[in-house]
Amino acid sequence: MFKNLILVLNCGSSSIKFAIINPINGNKIIKGLTEYKKKKCIIKWEINNNFIYKKKINIIYSNYKILNLIFLNILFKNKKIFKKISAIGHRIVHGGEFFSNSIIINDKVINSIKESILFATLHNKEHLIGIYKSFKLIPYFFKKNIAVFDTAFHQSIPKKAFLYALPYSLYTKYKIRRYGAHGLSYKYITLKTAEFLNKNIKTLNIIICHLGNGCSISAIKNGKCIDTSMGLTPLEGLIMGTRCGDIDPSIIFYLYNNLGIKIKKIIKILNKESGLLGLSELTNDCRYIEKNYFKNKQLKLAIDIFCYKLSKYIGSYSILMGNHLDAIVFTGGIGENSILIRKLTINSLNILNFKISSILNKNIYNTKFGIITKSNSRIALVIPSNEELIIAKDVYNLINHI
Ligand code: AMP
């Protein structure tokens with residue numbers, strides 16, 4: 001077995017994901033995640049794609065305790081595999097303006113992650129728990145804990161695109177600006193698209209639509225991100241499962257001043273009760289909405305608005321590309337699987353010379369990848385994202401100074 005396996009830890013606000021990955025071929029030797037159902041936490045994991053093991057925990061433990069179980073009952077118990085781990089990659093959602101690359105974790109890095117907590121309160125706190133836990137349980141890996149940031153890929157965005165037209169001091173004093181999200185997915189898709197199109201990444205111009213529960217879009221010029229739709233937080237931009245995306249900020253004052261809705265409730269409305277769920281008045285599950293698109297007017301409306309907004313963003317990002325746009329790429333649970341959303345979006349991009357191929361589009365879902373447009377069209381393609389692999393590769397490259 002390959003000796004430089006990477007342990008990837010993704011301690012999030014609502015789940016923990018872990019994987020031991022071969023960074024060269026992407027094989028996941030062990031992979032697992034936590035799920036919460038009816039006040040129970042279930043840890044599911046598989047080894048060599050074979051067996052699915054489950055462990056139910058009655059009480060809702062804190063992530064700190066669940067991590068203990070993951071290390072002691074799963075990772076340490078598979079001694080032969082664990083011995084082959086050469087480093088640990090920690091996924092960190094927000095690195096503020098501090099990091100444009102992955103970095104070995106030391107006290108200074110931890111302080112910077114803490115300083116960025118304000119912009120990703122729920123996430124960064126949990127990430128720190130993952131870091132402390134692995135320091136404690138595997139002290140001999142002390143200098144082999146690597147922080148891999150979601151925000152890093154967006155640090156190439158120029159000032160004209162990341163600044164809001166607010167008093168400038170809000171940026172200089174409080175660092176209020178666009179940071180973006182889904183950076184690991186964008187990095188992976190950029191590399192994969194260059195490979196797929198057989199193009200030098202340094203001249204690759206693409207627009208990537210990451211459409212999952214959270215949705216965002218990025219403009220990649222010469223292989224680097226030059227704009228993205230998520231902002232200071234992941235609330236801005238496209239319509240999402242339950243998040244509203246762009247709205248007139250005055251709506252918030254109207255809800256507060258005229259309708260007397262409390263700030264806490266407004267935050268809930270914008271984050272948890274809007275988007276596809278809010279518009280459909282039924283669900284945020286795109287599978288269900290898509291299935292009933294022609295049967296239910298409200299569901300049709302939700303998807304139509306989703307696609308309208310997405311194509312508006314694609315149109316505006318296309319003019320940032322300079323002299324050529326190589327492709328639009330769809331990824332994320334919706335991007336990889338929703339034949340309807342891809343069709344409706346591409347159908348409104350005639351002016352950019354995109355022509356959907358019904359046959360190709362229909363055949364790409366469920367981890368398949370490839371082109372979904374006609375041969376006389378500008379290219380649109382689907383590539384499944386793999387954020388864990390890009391973390392493993394980054395960690396491997398950093399440890400081996402590649
Ligand atoms: P993600 O956050 O990337 O896991 O994506 C989750 C979203 O993908 C949810 O809105 C799902 O409804 C959607 N999704 C998953 N599979 C399909 C499918 N076959 N067709 C349409 N949407 C899907």
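Because the structure is a prediction, the values reported are computed rather than measured.

S.K.: How would you summarise the state of the cysteines if you had to cite specific residues and measurements?
M.R.: Simply put, the disulfide is a covalent bond whose two ends are the sulfur atoms of two cysteines. A full pass over the atoms with the stated rule returns zero disulfides. Looking at C11, it has no disulfide partner, and the nearest cysteine sulfur is the one in C41, 12 Å off. The exposure class of C11 is buried, given its relative accessible area of 3%. Summary of cysteine pairing: C244 is not part of a disulfide, and the nearest cysteine sulfur, belonging to C215, is at 12 Å.

S.K.: How would you explain the site of the ligand if you had to name every residue and give the values?
M.R.: Near the ligand, the surroundings consist of G212, N213, N284, D285, C286, R287, E290, G332, G333, I334, N337 and S338. Here an oxygen atom of the ligand and a backbone polar atom of C286 are 2.9 Å apart. A distance of 3.4 Å separates an oxygen atom of the ligand from a polar atom in the backbone of I334. If the ligand stood free it would expose 500 Å²; the protein chains cover 71% of that surface. Considering each element in turn, the shell around the ligand owes the most residues, four residues, to helix 13 (residues 332–337). Among the residues forming the shell around the ligand, the class breakdown is two nonpolar, seven polar and three charged.

S.K.: Please give an account of the packing of helix 8 (residues 250–258) against helix 9 (residues 263–272) that cites residues and values.
M.R.: Contact geometry of helix 8 with helix 9 gives a least axis separation of 10 Å together with a crossing angle of 140°. The angle between helix 8 and helix 9 places the two elements in the oblique class. For the crossing formed where helix 8 meets helix 9, the hand is right-handed. Contacts from I252, L255 and Y256 in helix 8 reach I263, I266 and L270 in helix 9.

S.K.: Describe in detail a positive patch on the surface, supporting the description with residues and values.
M.R.: Positive charge collects at one region of the surface, where K38, K40, K54 and K56 lie side by side. Note that K40 resides in strand 4 (residues 40–47). A relative accessible area of 31% places K40 in the partly exposed class.

S.K.: Can you explain the sheet that holds strand 14 (residues 379–382)? Please cite residues and give values.
M.R.: The pairing of strands in a sheet comes from backbone hydrogen bonds and takes either a parallel or an antiparallel form. Read across the open sheet, the six strands follow the order 11-10-9-12-14-13; overall the sheet is mixed. Whereas interior strands pair on both sides, the edge strands pair on one side only; in this sheet they are strand 11 (224–228) and strand 13 (370–371). Pairing of strand 9 (residues 206–211) with strand 10 (residues 215–221), which is carried by six bridges, proceeds in the antiparallel orientation. Across the sheet, residue C209 finds its bridge partner in strand 10, namely I217.

S.K.: Quick rundown of unusual backbone geometry? Include the residues and the values.
M.R.: One non-glycine residue, N198, adopts positive backbone phi at about 55°. Residue class for N198 comes out exposed when judged on its relative accessible area of 71%. Its identity is not glycine, yet N353 carries a phi of approximately 65°, on the positive side. Structurally, the position occupied by N353 is in the loop between helix 14 (339–347) and helix 15 (358–363). Taking relative accessible area as the criterion, N353 reaches 34% and is therefore assigned partly exposed.

S.K.: Give a description of the side chain of R91 that names residues and reports values.
M.R.: Along the chain, R91 turns up in strand 6 (residues 85–92). At a separation of 2.6 Å, a polar atom in the side chain of R91 contacts the side chain of D150. Once residues within four sequence positions are removed from consideration, R91 is found in contact with L9, N10, H127, V148, D150, L184, E387 and I391.

S.K.: An account of the layout of surface pockets is needed here, citing residue identities and associated values.
M.R.: Looking at the second largest pocket, its volume works out to about 710 Å³. In terms of lining residues, the second largest pocket is bounded by 19 residues, among which T233, L235, P249, I252 and L270 are the most central. Here the element with the most residues in the lining of the second largest pocket is helix 9; it accounts for five residues. Looking at the lining of the second largest pocket, its residues break down into 14 nonpolar, three polar and two charged.

S.K.: I'd like to hear about the sheet that holds strand 2 (residues 16–21), residue by residue, with values.
M.R.: Read across the sheet, eight strands follow the order 5-4-3-2-1-6-8-7 without closing on themselves; strand pairing throughout is mixed. A single partner strand is all that each edge strand has here, and the edge strands are strand 5 (51–57) and strand 7 (103–104). Alignment of strand 4 against strand 5, held across seven bridges, turns out to be antiparallel. Note that in strand 5 the partner of I47 across the bridge is F51. Here helix 1 (residues 63–75) sits on the sheet in contact with strand 1 (5–11), strand 2, strand 3 (28–37), strand 4 and strand 5, set at roughly 30° to strand 2. Along the sheet, helix 4 (residues 121–137) contacts strand 1, strand 6 and strand 8 (145–149); its crossing angle with strand 6, the most-contacted strand, is approximately 160°.

Cut-off values and rules
Residues numbered from 1 in each chain as written. Predicted model: local features only at pLDDT ≥ 70, side-chain atom pairs only at ≥ 80, totals over all residues. Heavy atoms only, no water. Disulfide = S-S within 2.5 Å. Buried < 20%, exposed > 50% of the residue type's maximum accessible area, 1.4 Å probe, protein only. Near = heavy atom within 4 Å. Polar contact = N/O pair within 3.5 Å; in protein donor to acceptor, adjacent residues only side chain to side chain. Areas by Shrake-Rupley, 256 points an atom, 1.4 Å probe, with all protein chains shown as cover. Helix = DSSP H or I, 4+ residues; strand = E, 2+ residues; numbered from the N terminus. Nonpolar A, V, L, I, M, F, W, Y, C, P; charged D, E, K, R; others polar. Axes fitted to C-alpha atoms, helices over the stretch in contact; angles between N-to-C directions. Parallel < 35°, antiparallel > 145°, perpendicular 65-115°, else oblique. Left-handed = near helix turned anticlockwise from the far one by under 90°. Contact = heavy atoms within 4.5 Å. Patch = residues over 30% accessible without salt bridge, like charges linked within 9 Å, V, L, I, M, F, W, Y side chains within 5 Å. Salt bridge = Lys/Arg side-chain N within 4 Å of Asp/Glu carboxyl O. Lys, Arg positive; Asp, Glu negative; His and termini not counted. Charge placed at Lys NZ, Arg CZ, Asp CG, Glu CD. Pairing = 2+ DSSP bridges. 1 Å grid on protein atoms, 1.4 Å probe; cavity = no way out; pocket = protein on both sides within 12 Å on 5 of 7 lines; lining within 4 Å. Points joined across faces, edges and corners; volume = space filled by probe spheres on them.

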